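Breakdown of the fold
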Amino acid sequence: MSSKQLDAVVVGAGFAGLYMLHLLRQAGLAVKGLERADDVGGTWYWNRYPGCRCDVESIEYCYQFSDELQHDWAWTERYAAQPEILAYAQRVAERFHLRELIQFETQVERARYNEAACRWHVTTGSGEEFDTRFLIMATGCLSTANTPDFAGLGDFSGRTYHTGLWPRQGVDFSGRRVGVIGTGSSAIQSIPHIAAQAAELTVFQRTANFSIPAQNRPVDPQEVARVKADYADYRRRARLQPAAFGPDYPRHADSVLEATPAQRQQRFEAHWQLGGFMFLGAFGDLHQSEEANWHAAEFVRNKIRATVQDPATAELLCPDGIIGCKRLCADTGYFETYNRDNVRLVDVSKHPIELFNATGLVTGGREFEFDDVVFATGFDAMTGSLLRMDIQGENGLSLNEKWASGPRTYLGLMTAGFPNLFTMTGPGSPSVLANMVTGVEQHAEYIADMIRWLRGQGAGGVKAQPEAEDNWVQTVNTRSEQTLYPRCNSWYLGANVPGKPRVFMPYIGFPDYEATLQTIREDNYPGFTPLA
Ligand code: FAD
Ligand code: NAP
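Reading the values: the criteria
Residues numbered from 1 in each chain as written. Chains lettered and ligands numbered in written order. Predicted model: local features only at pLDDT ≥ 70, side-chain atom pairs only at ≥ 80, totals over all residues. Heavy atoms only, no water. Pairing = 2+ DSSP bridges. Helix = DSSP H or I, 4+ residues; strand = E, 2+ residues; numbered from the N terminus. Near = heavy atom within 4 Å. Polar contact = N/O pair within 3.5 Å; in protein donor to acceptor, adjacent residues only side chain to side chain. Axes fitted to C-alpha atoms, helices over the stretch in contact; angles between N-to-C directions. Parallel < 35°, antiparallel > 145°, perpendicular 65-115°, else oblique. Left-handed = near helix turned anticlockwise from the far one by under 90°. Contact = heavy atoms within 4.5 Å. Nonpolar A, V, L, I, M, F, W, Y, C, P; charged D, E, K, R; others polar. Domains from an automatic or database assignment. Buried area = accessible area lost by both parts, 1.4 Å probe. Salt bridge = Lys/Arg side-chain N within 4 Å of Asp/Glu carboxyl O. Phe/Tyr/Trp six-rings, centres within 6.5 Å; stacked < 30°, edge-to-face > 60°. Areas by Shrake-Rupley, 256 points an atom, 1.4 Å probe, with all protein chains shown as cover.

Right, let's get into the pairing of strand β13 (residues 353–356). Alignment of β13 against strand β14 (residues 360–363), held across three bridges, turns out to be antiparallel. Within β14, the position partnered with Phe356 by the bridge is Leu361. Where β13 folds back onto β14 in an antiparallel hairpin, the turn is made up of three residues.

Below you can see the structure in the form of structure tokens.
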């Protein structure tokens with residue numbers, strides 16, 4: 001086979017692409033990775049903003065497929081910072097000789113399915129072409145930065161940055177007047193660091209956000225030794241959790257509505273001290289009942305009021321929505337930052353940012369001047385990277401046409417009409433609602449197993465059946481409707497990107513999804529049709 005005639009092309013070299021390449025090479029396929037960056041790491045390559053770190057504990061936010069790797073790698077902090085996670089991805093690439101499979105600085109722009117040959121024709125930005133049987137999109141859920149189309153942005157004469165496209169050499173904000181737009185996870189992590197360096201920092205907040213102190217700290221060697229003594233069991237138990245992490249943390253099933261005020265306070269305080277996501281394990285009905293959820297939200301609002309000295313700023317920072325239906329943020333010193341003299345908060349909820357000019361921006365008739373602006377405005381999540389490629393399946397159907405009213409998949413792995421095209425952690429899978437390293441391993445192993453099964457019976461490929469897809473889309477929708485998730489304007493729903501269809505994209509429930517995948521595999525993949 002020539003280097004352009006392949007069994008499989010894997011697009012993306014983040015955690016998903018790296019493991020997929022490893023497994024497909026092991027299965028004996030001629031495989032190539034195409035990655036637009038000049039190195040591996042994905043999210044952790046691109047998001048180099050100050051303060052960037054994971055919010056799933058590092059002992060779990062890593063691969064579990066290799067015992068040796070798990071035992072050899074030692075994390076330094078409970079929540080690893082971006083440079084350490086990037087170094088880990090690089091180590092994995094070296095240890096498993098993956099770089100030799102990847103062509104870097106190569107952006108995939110187009111893919112066309114050839115029905116007669118049962119193969120994909122892939123075209124890159126430089127016009128290079130590849131011919132492959134299987135095309136696997138490991139392109140990430142949070143990999144297409146979203147910068148709102150602000151009027152006059154091109155007129156701004158200062159420096160601009162997006163947290164998800166941060167310069168490799170870092171940014172020095174010393175002595176500068178900085179504006180940060182957004183108060184999501186990326187902003188909440190970076191604001192304390194930018195504030196500590198800049199002369200002045202102005203934060204533009206459209207929606208106040210819930211954030212719980214991460215309670216980050218150096219890892220405790222004894223704790224690590226305990227987990228590593230029986231890592232397999234720890235990982236097994238983690239996969240039984242709703243979000244595939246934290247098996248040893250308490251998750252209470254009782255209702256907050258049945259607790260006394262003192263019991264509530266005590267339980268919420270204990271979970272606040274556990275940090276980050278563990279806060280939502282305080283009671284069993286926080287995701288289901290708005291009344292129950294209010295108690296958790298109010299507890300956090302009172303923490304904000306107790307932290308931020310200026311009462312007006314504190315009230316502006318208090319979110320009025322449902323806690324946990326947008327991705328919960330984990331911070332280190334976020335709310336405290338508003339007690340600094342060089343930091344101010346500007347509410348743009350009622351008066352959106354009107355325009356940029358040479359010196360800054362205008363909102364509500366007020367003008368703000370800056371040297372630098374940081375867009376912490378998030379991503380075109382889950383579908384953005386897929387739909388930015390021009391993908392055409394059977395009968396010339398484009399993915400953009402097919403997903404015009406929202407993404408439709410069977411199990412988040414395939415979409416009907418696009419044979420031999422797999423989406424890793426695609427919409428319709430738990431993806432962003434679970435430990436994503438576990439999610440990408442799950443999909444990589446499933447795809448590799450399915451390809452082995454197809455090859456075992458001499459099949460040239462596979463496609464998802466439309467009825468199986470319809471049923472799965474219904475299942476995903478029903479699951480989300482049973483929760484409070486659809487009630488917020490979150491990126492899970494595409495609500496952060498103007499014009500994007502409002503559809504809840506991930507599947508809620510990692511453990512039963514895993515059980516479903518297993519049953520389907522054991523039954524010889526119902527819902528998938530092998531191709532001759
Ligand atoms: P990515 O890491 O996004 O990799 C996708 C790769 O595909 C990128 O390198 C991109 O350049 C490449 N690509 C995309 N399109 C093309 C194209 N057309 N041609 C060529 N290459 C292309 N998840 C957690 O579970 N826990 C966390 O704590 C956590 N923290 C996060 C923090 C930040 C700042 C962000 C942005 C996300 C975080 N996530 C977290 C989610 C994170 O994206 C996943 O955990 C994980 O890194 C995803 O890996 P991936 O390989 O699927 O995708
Ligand atoms: P995000 O959560 O989507 O936040 C974007 C912010 O920008 C929001 O506050 C949003 O306001 C604001 N915004 C967008 N458009 C705006 C406009 N036109 N005017 C004013 N404000 C605007 O994005 P993110 O912070 O980059 O995080 C995305 C996801 O990445 C996270 O949810 C998480 O999954 C992952 N992440 C994780 C970590 C971590 O802790 N490990 C860190 C960073 C990112 P609205 O809320 O009003 O839309």
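Moving on, we get to the site of ligand 1. Contacts to ligand 1 come from 35 residues, most closely from Glu35, Thr43, Asp55, Tyr61 and Met436. Within the contact set of ligand 1, an oxygen atom lies 3.5 Å away from a side-chain nitrogen or oxygen of Trp44. Note that an oxygen atom of ligand 1 is positioned 3.4 Å from one of the backbone N or O atoms of Val56. The set of elements that each furnish at least two residues to the shell around ligand 1 consists of α1 (15–26), α2 (43–46) and α13 (436–456).

The subject of this paragraph is the packing of helix α8 (residues 261–274) against helix α9 (residues 290–307). Running from amino to carboxyl end, α8 crosses α9 at an angle of 65°, the nearest separation of the two axes being 11 Å. Relative to α9, α8 is oriented roughly perpendicular. As α8 runs across α9, the sense of the crossing is right-handed. Of the residues in α9, those touching α8 at Arg264, Gln265, Phe268, Glu269 and Trp272 are His295, Ala296, Phe299, Val300 and Lys303. Tallied by class, residues from the contact of α8 with α9 come to five nonpolar, two polar and three charged.

Considered domain by domain, the protein chain is made up of domain 1 (3–144 + 381–531) and domain 2 (177–220 + 241–375). On the side of domain 2, 34 residues touch domain 1, which itself brings 31 residues to the contact. Counting each side, the surface lost to burial between domain 1 and domain 2 is near 2700 Å², with a carbon and sulfur contribution of 52%. Taken together, the links from domain 1 to domain 2 amount to two salt bridges. The partner of Glu290 in a salt bridge is Arg487, and the shortest N-O contact between them spans 2.2 Å. For the pair domain 1 and domain 2, the number of links is 18 residue pairs in polar contact (both at pLDDT 80 or more). Split by residue class, the side of domain 1 that touches domain 2 holds 15 nonpolar, nine polar and seven charged.

Once that is clear, we can look at the packing of aromatic side chains. The tally for this structure, following the rule as stated, stands at 44 aromatic pairs. Geometrically, the ring pair formed by Tyr19 and Phe65 is stacked, given 4.2 Å between the ring centres and 20° between the ring planes. Linking Tyr19 in helix α1 with Phe65 in the loop between α2 and α3 (67–72), this pair joins segments that are 46 residues apart in sequence. A centroid spacing of 5.5 Å and a plane angle of 35° characterise the contact between Phe268 and Phe299, whose relative ring orientation is tilted. Placement of the pair is Phe268 in helix α8 and Phe299 in helix α9, with a sequence separation of 31 residues.

All right, on to the site of ligand 2 then. Around ligand 2, a shell composed of 23 residues is seen, among which Thr183, Ser186, Arg206, Thr207 and Lys326 lie nearest. Here Arg206 contributes a side-chain N or O atom positioned 2.9 Å from an oxygen atom of ligand 2. Between ligand 2 and Lys326, the relevant distance is 2.7 Å, taken from an oxygen atom to a side-chain nitrogen or oxygen of the residue. Coverage of ligand 2 by the protein chains reaches 89% of its 910 Å² of free accessible surface.

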